[in-house]
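If you want the building blocks of each chain, they are given just below.
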Amino acid sequence: MTLQVDFTKSPDGLVPAIIQDAITGKVLMLGYMNQAALDKTIEDNKVTFFSRSKNRLWTKGEESGHFLHVQNIKLDCDNDSLLIQANPAGPVCHTGSDTCWDESNDSPDFLQKLEKIISDRKNNPSDDSYTSKLFRKGINKVAQKVGEEAVEIVIEAKDDNNELFLNEAADLLFHYLVLLQAKNFTLADVINILKERHK
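Along each chain, residue indices are assigned from 1 in the same order as the chain's sequence is written. Residues qualify for local features only when their pLDDT is at least 70, as the model is predicted, and side-chain atom pairs are given and counted only at 80 or more; totals for whole chains, interfaces and linings, by contrast, use all residues. With hydrogens and water stripped out, all remaining heavy atoms of the structure feed into the side-chain values.

**Examining the domain arrangement of the protein**
- Domain start and stop points were drawn from an automatic or database domain assignment. The assigned domain composition of the protein is domain 1 (15–88) and domain 2 (110–198).
- The distance between the C-alpha centroids of domain 1 and domain 2 comes to 28 Å.
- Residue contacts follow a heavy-atom distance rule, with two residues in contact if any of their heavy atoms lie within 4.5 Å. Taken together, the eight residues of domain 1 in the interface contact nine residues of domain 2.
- Both sides of the domain 1 and domain 2 interface together cover about 820 Å² of buried area, and 44% of this is carbon and sulfur.
- Accessible surface is computed with a 1.4 Å probe, and the buried area is the amount of it that two parts give up when combined, taken over both parts together. When the buried area of domain 1 at its contact with domain 2 is split by residue, Ile23, His69 and Gln71 rank highest and sum to 59% of it.
- We count a salt bridge whenever a side-chain nitrogen from Lys or Arg sits within 4 Å of a carboxyl oxygen from Asp or Glu. There are one salt bridge connecting domain 1 and domain 2.
- Put simply, Lys116 and Asp21 hold a salt bridge, and the shortest N to O gap is 2.7 Å.
- Two N or O atoms count as a polar contact when they lie within 3.5 Å, although within protein this holds only if one can serve as hydrogen donor and the other as acceptor, and sequence-adjacent residues are included solely when both atoms are side-chain atoms. Here domain 1 and domain 2 share three residue pairs in polar contact (both at pLDDT 80 or more) between them.
- Comment: elements are numbered from the N terminus, with helices defined as DSSP H or I runs of at least four residues and strands as E runs of at least two. Within the residue set of the side of domain 1 that touches domain 2, elements represented by two or more residues are β5 (68–75) and β6 (82–88).
- Gly is placed with the polar residues, together with every amino acid not listed as nonpolar (Ala, Val, Leu, Ile, Met, Phe, Trp, Tyr, Cys and Pro) or charged (Asp, Glu, Lys and Arg). A breakdown of the residues in the side of domain 1 that touches domain 2 according to their chemical character gives three nonpolar, four polar and one charged.

Right under this line is the structure:
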(Lines give C-alpha, C1' and ligand atoms only; values in the text may rest on other atoms or scores of the structure.)
Protein backbone atom coordinates (compact mmCIF):
# COMPACT_ATOMS: atom_id res chain seq x y z
CA MET A 1 0.00 0.00 0.00
CA THR A 2 1.41 3.38 -1.04
CA LEU A 3 -0.10 6.55 0.39
CA GLN A 4 1.25 9.96 -0.57
CA VAL A 5 0.72 11.65 2.79
CA ASP A 6 1.90 15.25 3.05
CA PHE A 7 3.60 15.26 6.46
CA THR A 8 5.20 18.65 5.69
CA LYS A 9 2.01 20.62 6.36
CA SER A 10 2.52 20.22 10.10
CA PRO A 11 5.63 21.69 11.74
CA ASP A 12 6.05 18.52 13.82
CA GLY A 13 5.60 16.21 10.82
CA LEU A 14 2.45 14.62 12.26
CA VAL A 15 -0.95 14.08 10.66
CA PRO A 16 -4.20 13.19 12.43
CA ALA A 17 -5.39 9.58 12.12
CA ILE A 18 -9.06 8.97 12.79
CA ILE A 19 -9.79 5.39 13.82
CA GLN A 20 -13.19 4.00 12.80
CA ASP A 21 -14.65 0.58 13.55
CA ALA A 22 -14.62 -1.26 10.22
CA ILE A 23 -17.90 -3.00 11.03
CA THR A 24 -20.06 -0.54 12.99
CA GLY A 25 -18.69 2.66 11.46
CA LYS A 26 -18.32 4.19 14.94
CA VAL A 27 -15.43 6.63 15.41
CA LEU A 28 -13.22 5.07 18.09
CA MET A 29 -10.36 7.48 18.69
CA LEU A 30 -8.00 10.05 17.22
CA GLY A 31 -4.22 9.82 17.20
CA TYR A 32 -1.27 11.21 15.26
CA MET A 33 1.13 9.56 12.85
CA ASN A 34 4.43 10.38 11.26
CA GLN A 35 5.86 8.42 8.33
CA ALA A 36 7.45 5.82 10.62
CA ALA A 37 4.16 5.22 12.46
CA LEU A 38 2.28 4.83 9.18
CA ASP A 39 4.91 2.44 7.82
CA LYS A 40 4.73 0.29 10.96
CA THR A 41 0.92 0.33 10.86
CA ILE A 42 0.95 -0.95 7.28
CA GLU A 43 3.70 -3.50 7.97
CA ASP A 44 2.18 -4.98 11.16
CA ASN A 45 -1.49 -4.48 10.25
CA LYS A 46 -1.96 -2.96 13.72
CA VAL A 47 -2.47 0.76 14.34
CA THR A 48 0.70 2.49 15.53
CA PHE A 49 0.76 6.17 16.45
CA PHE A 50 3.48 8.64 17.26
CA SER A 51 2.87 9.44 20.93
CA ARG A 52 3.48 13.12 21.59
CA SER A 53 3.60 12.55 25.35
CA LYS A 54 6.03 9.60 25.13
CA ASN A 55 7.89 11.06 22.14
CA ARG A 56 8.08 7.65 20.45
CA LEU A 57 6.14 5.20 18.30
CA TRP A 58 3.30 3.61 20.23
CA THR A 59 1.29 0.63 19.02
CA LYS A 60 -2.23 0.81 20.39
CA GLY A 61 -2.68 -2.23 22.63
CA GLU A 62 1.03 -2.88 23.23
CA GLU A 63 0.34 -3.04 26.98
CA SER A 64 -3.36 -3.96 27.16
CA GLY A 65 -3.49 -6.37 24.22
CA HIS A 66 -6.39 -4.32 22.82
CA PHE A 67 -4.88 -3.89 19.38
CA LEU A 68 -6.59 -2.14 16.48
CA HIS A 69 -6.39 -4.57 13.56
CA VAL A 70 -6.28 -2.58 10.32
CA GLN A 71 -8.80 -3.31 7.60
CA ASN A 72 -8.42 -0.25 5.39
CA ILE A 73 -6.55 3.07 5.28
CA LYS A 74 -7.87 6.12 3.43
CA LEU A 75 -6.22 9.46 2.76
CA ASP A 76 -8.30 12.66 2.68
CA CYS A 77 -8.54 15.03 -0.28
CA ASP A 78 -5.79 17.32 1.07
CA ASN A 79 -3.39 14.42 1.70
CA ASP A 80 -2.91 15.48 5.32
CA SER A 81 -5.22 13.29 7.42
CA LEU A 82 -5.95 9.57 7.58
CA LEU A 83 -9.07 7.51 8.15
CA ILE A 84 -8.17 4.04 9.39
CA GLN A 85 -10.89 1.41 9.52
CA ALA A 86 -10.00 -1.26 12.04
CA ASN A 87 -11.35 -4.11 14.13
CA PRO A 88 -10.70 -3.38 17.83
CA ALA A 89 -9.60 -6.27 20.05
CA GLY A 90 -11.32 -4.95 23.15
CA PRO A 91 -12.08 -1.50 24.60
CA VAL A 92 -10.28 1.32 22.82
CA CYS A 93 -10.05 4.01 25.51
CA HIS A 94 -7.61 3.79 28.45
CA THR A 95 -10.67 4.31 30.69
CA GLY A 96 -12.07 0.97 29.53
CA SER A 97 -14.72 2.53 27.30
CA ASP A 98 -15.43 1.27 23.78
CA THR A 99 -14.49 4.69 22.37
CA CYS A 100 -12.59 7.74 23.56
CA TRP A 101 -15.91 9.59 23.68
CA ASP A 102 -17.33 7.14 26.22
CA GLU A 103 -19.78 5.69 23.71
CA SER A 104 -20.87 2.11 23.25
CA ASN A 105 -19.61 0.46 20.07
CA ASP A 106 -22.48 -2.02 19.97
CA SER A 107 -24.58 -2.18 16.85
CA PRO A 108 -28.35 -2.69 16.76
CA ASP A 109 -27.78 -4.72 13.58
CA PHE A 110 -27.34 -8.40 14.52
CA LEU A 111 -25.19 -9.17 11.48
CA GLN A 112 -22.76 -6.44 12.56
CA LYS A 113 -22.71 -7.92 16.07
CA LEU A 114 -22.01 -11.34 14.59
CA GLU A 115 -19.22 -9.90 12.44
CA LYS A 116 -17.64 -8.36 15.55
CA ILE A 117 -17.78 -11.72 17.34
CA ILE A 118 -16.20 -13.44 14.32
CA SER A 119 -13.51 -10.75 14.18
CA ASP A 120 -12.81 -11.24 17.88
CA ARG A 121 -12.46 -15.00 17.42
CA LYS A 122 -9.95 -14.30 14.64
CA ASN A 123 -7.91 -11.72 16.54
CA ASN A 124 -8.21 -13.28 20.01
CA PRO A 125 -8.30 -17.04 19.35
CA SER A 126 -9.89 -19.36 21.87
CA ASP A 127 -9.29 -23.11 22.04
CA ASP A 128 -13.00 -23.61 22.78
CA SER A 129 -14.23 -21.62 19.78
CA TYR A 130 -15.29 -23.39 16.58
CA THR A 131 -14.67 -20.14 14.68
CA SER A 132 -11.13 -19.76 16.04
CA LYS A 133 -10.36 -23.35 15.11
CA LEU A 134 -11.66 -22.70 11.60
CA PHE A 135 -9.42 -19.65 11.19
CA ARG A 136 -6.43 -21.67 12.40
CA LYS A 137 -7.01 -24.24 9.65
CA GLY A 138 -6.42 -21.55 7.03
CA ILE A 139 -8.18 -19.94 4.09
CA ASN A 140 -8.55 -23.17 2.11
CA LYS A 141 -10.56 -24.83 4.88
CA VAL A 142 -12.71 -21.72 5.39
CA ALA A 143 -13.47 -21.53 1.66
CA GLN A 144 -14.18 -25.27 1.58
CA LYS A 145 -16.77 -24.88 4.37
CA VAL A 146 -18.54 -22.16 2.37
CA GLY A 147 -18.65 -24.51 -0.62
CA GLU A 148 -20.02 -27.36 1.49
CA GLU A 149 -22.74 -25.15 2.98
CA ALA A 150 -23.65 -23.82 -0.48
CA VAL A 151 -24.19 -27.37 -1.75
CA GLU A 152 -26.28 -28.24 1.30
CA ILE A 153 -28.59 -25.24 0.88
CA VAL A 154 -29.13 -26.14 -2.79
CA ILE A 155 -30.12 -29.67 -1.76
CA GLU A 156 -32.53 -28.38 0.90
CA ALA A 157 -34.02 -25.83 -1.51
CA LYS A 158 -35.34 -28.71 -3.61
CA ASP A 159 -37.25 -30.20 -0.66
CA ASP A 160 -40.20 -28.86 1.30
CA ASN A 161 -38.65 -28.78 4.78
CA ASN A 162 -38.50 -25.05 5.52
CA GLU A 163 -36.78 -25.53 8.87
CA LEU A 164 -33.87 -27.47 7.32
CA PHE A 165 -33.63 -24.94 4.48
CA LEU A 166 -33.45 -21.97 6.87
CA ASN A 167 -30.86 -23.71 9.06
CA GLU A 168 -28.69 -24.37 6.02
CA ALA A 169 -29.16 -20.74 4.97
CA ALA A 170 -27.93 -19.65 8.42
CA ASP A 171 -24.93 -21.99 8.17
CA LEU A 172 -24.03 -20.61 4.75
CA LEU A 173 -24.33 -16.99 5.88
CA PHE A 174 -22.21 -17.62 8.98
CA HIS A 175 -19.41 -19.32 7.06
CA TYR A 176 -19.56 -16.63 4.37
CA LEU A 177 -18.99 -13.98 7.07
CA VAL A 178 -16.05 -16.02 8.37
CA LEU A 179 -14.61 -16.15 4.83
CA LEU A 180 -14.93 -12.39 4.47
CA GLN A 181 -13.05 -11.88 7.74
CA ALA A 182 -10.39 -14.38 6.66
CA LYS A 183 -9.86 -12.21 3.58
CA ASN A 184 -9.87 -9.01 5.73
CA PHE A 185 -13.21 -7.78 4.41
CA THR A 186 -16.62 -7.14 5.95
CA LEU A 187 -20.17 -7.37 4.70
CA ALA A 188 -20.12 -3.58 4.26
CA ASP A 189 -17.46 -3.98 1.54
CA VAL A 190 -19.77 -6.30 -0.38
CA ILE A 191 -22.78 -4.03 0.17
CA ASN A 192 -20.81 -1.09 -1.24
CA ILE A 193 -20.19 -3.04 -4.45
CA LEU A 194 -23.90 -3.88 -4.69
CA LYS A 195 -24.76 -0.21 -4.22
CA GLU A 196 -22.34 0.75 -7.00
CA ARG A 197 -23.92 -1.82 -9.30
CA HIS A 198 -27.38 -0.47 -8.49
CA LYS A 199 -26.57 3.05 -9.75
